[in-house]
Amino acid sequence: MTTLIPGQYKIGNTVFGEGTMIHVSSCEPGGHGTSPGDYPVGQSDELRFSRDYMQPGSYTFEMAALNNKPMLNMVGPGEEIPDVDGASTYLETIANEWRADEVRLIYGSLKPLLYHRDGMTRMIYGRPRKFVHANRSRKAEWVNIVADFQCADTFTYEEAQGLVTALPTSAGTTSVDVVRAGGSAPAWFTAFITGPINDPKIKVGNLFTVELDYNLAAGKIIQISSYPWERRVIDSDGFNLSPLMVGNSPYLDQMKLPANATTGIGLSGSSTTGATKLELLWREAYHSF
């Protein structure tokens, strides 16, 4: 878990903002847009509304990295100017994080941005974008920076994850509850099924059931993730099991836990043992920054 104070942010291994050498003067949400499905009705003065989709926005940071080189007027006659480049240290650090070399060439890979809000650490998933800084000068104490961060979706999340563990029960029943009492947005989740179990089914309240036509051996694990940045169904050997989802299993992008609700969770299947279990994890999600 990351410990931040109000006004602090973290990207990669770098904390910036309040109380650091990289000051944040403003963080402005660019706002999420809408791709409307409106279409005009021929030979009329009307407009029909179809499906509208949200387009994730971005955040713009105005920052300044401390430039603590000795000022020219502080160096005496004949004295050599010390080779101390604080700007390059702090500026290079944040510039390197914003470059995001570890994710930018990997399809679908993201670099989360963390910040402090309402006594907790929250996260925005996305990637760094534009990074511009002013020229460094020995006469300037700070180097101004403008940097953009592109969101992957329209929600923000708590860093802490909730976890419930369910043992196998009869089909159609739920043995544990997911209690959501924080975020006001629907939450994606990740489910881990530990074998042995044949034809596993995960019941999510009265919302939907996820079924797999697959026999999971003892000691093996299936991961079902509905998170936009990790949407997949794989086993611990790395095999894609998405084609084996059967019955009325919803698409992964429709697997969500409702906000401010208690949802029963159950695991069922055949050929189970005492080692068989379901672990379901989620993060509280919010509509606002």
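(A) Highlighting empty space enclosed by the protein. Tallied over the full model, the rule gives one cavity of 30 Å³ or more. Broken down by class, the residue content of the lining of the largest cavity amounts to five nonpolar, five polar and one charged.

(B) Spatial organisation of the state of the cysteines. Counted under the stated rule, the structure contains zero disulfides. The thiol of Cys27 is not disulfide-bonded; the next cysteine sulfur, from Cys151, is found 9.3 Å away. Judged by its relative accessible area of 7%, Cys151 falls in the buried class.

(C) Focus on the environment of Leu4. In this structure, Leu4 sits in the segment before strand 1 (8-11). Judged by relative accessible area, which is 6%, Leu4 ranks as buried. Considered as a pair, Leu4 and Gly182 are 178 residues apart in the sequence and their alpha carbons are 19 Å apart. Dropping the residues within four chain positions of it, Leu4 is found in contact with Tyr9, Lys10, Val15, Leu114, Tyr115, His116 and Thr121.

(D) Main features of the sheet that holds strand 25 (residues 285-286). Reading across the sheet, the six strands line up as 2-1-9-10-13-25 and stay open at both edges, with antiparallel pairing between neighbours. For this open sheet the edge positions go to strand 2 (14-17) and strand 25, each flanked by a neighbour on one side alone. Pairing geometry for strand 1 and strand 2, over four bridges, is antiparallel. What sits directly across from Tyr9, in strand 2, is Phe16.

(E) Spotlight on the pairing of strand 21 (residues 232-235). Bridge count between strand 20 (residues 221-225) and strand 21: four bridges; the pairing is antiparallel. Residue pairing for strand 21: Ile222 is matched across the bridge by Asp235. The antiparallel pairing of strand 20 with strand 21 creates a hairpin that spans six residues between the two strands.

(F) Region of interest: the nonpolar core. Core analysis: the largest hydrophobic core is formed by 39 residues, its most contacted members being Ile193, Ile202, Ile224, Leu280 and Trp282. Broken down by secondary-structure element, the contributors of at least two residues to this core are strand 14 (162-166), strand 15 (176-179), strand 16 (189-194), strand 17 (197-204), strand 18 (208-212), strand 20, strand 23 (262-270) and strand 24 (277-282). For Leu280, the contacting residues outside a window of four places in its chain are Gly162, Leu163, Val164, Val178, Phe189, Thr190, Ala191, Leu257 and Ile265. Tyr9, Val24, Tyr115 and Phe289 belong to the second largest nonpolar core, which has 22 residues in total.

(G) Structural detail: the pairing of strand 1. The two faces of strand 1 match: Gln8 and Lys10 on one face and Tyr9 and Ile11 on the other face are all buried. Counted between consecutive antiparallel strands, the loop separating strand 1 from strand 2 contains two residues, among which Gly12 sits at a positive phi close to 60°. Both strand 1 and strand 9 (residues 113-117) contribute to a ladder of three bridges, which runs antiparallel. The residue of strand 9 that forms the bridge with Lys10 is Leu114.

(H) Seen up close, the packing of aromatic side chains. Counting across every chain of the model gives 13 aromatic pairs. For the pair Tyr9 and Phe16, a centre-to-centre distance of 5.5 Å together with 20° between the ring planes defines the contact as stacked. Of the two residues, Tyr9 and Phe16, neither departs from the other in class, the shared state being buried. Cluster of aromatic residues (ring-pair linked, three or more members): Tyr9, Phe16, Phe61, Trp98 and Phe131. The ring of Phe289 has Arg117 sitting right over it, with the charged end atom 4.9 Å from the ring centre.

Cut-offs used in this document
Residues numbered from 1 in each chain as written. Predicted model: local features only at pLDDT ≥ 70, side-chain atom pairs only at ≥ 80, totals over all residues. Heavy atoms only, no water. 1 Å grid on protein atoms, 1.4 Å probe; cavity = no way out; pocket = protein on both sides within 12 Å on 5 of 7 lines; lining within 4 Å. Points joined across faces, edges and corners; volume = space filled by probe spheres on them. Nonpolar A, V, L, I, M, F, W, Y, C, P; charged D, E, K, R; others polar. Disulfide = S-S within 2.5 Å. Buried < 20%, exposed > 50% of the residue type's maximum accessible area, 1.4 Å probe, protein only. Helix = DSSP H or I, 4+ residues; strand = E, 2+ residues; numbered from the N terminus. Contact = heavy atoms within 4.5 Å. Pairing = 2+ DSSP bridges. Core = buried A, V, L, I, M, F, W, Y, C linked by side-chain atoms within 4.5 Å. Phe/Tyr/Trp six-rings, centres within 6.5 Å; stacked < 30°, edge-to-face > 60°. Lys NZ or Arg CZ within 6 Å of the ring centre and 35° of its normal.

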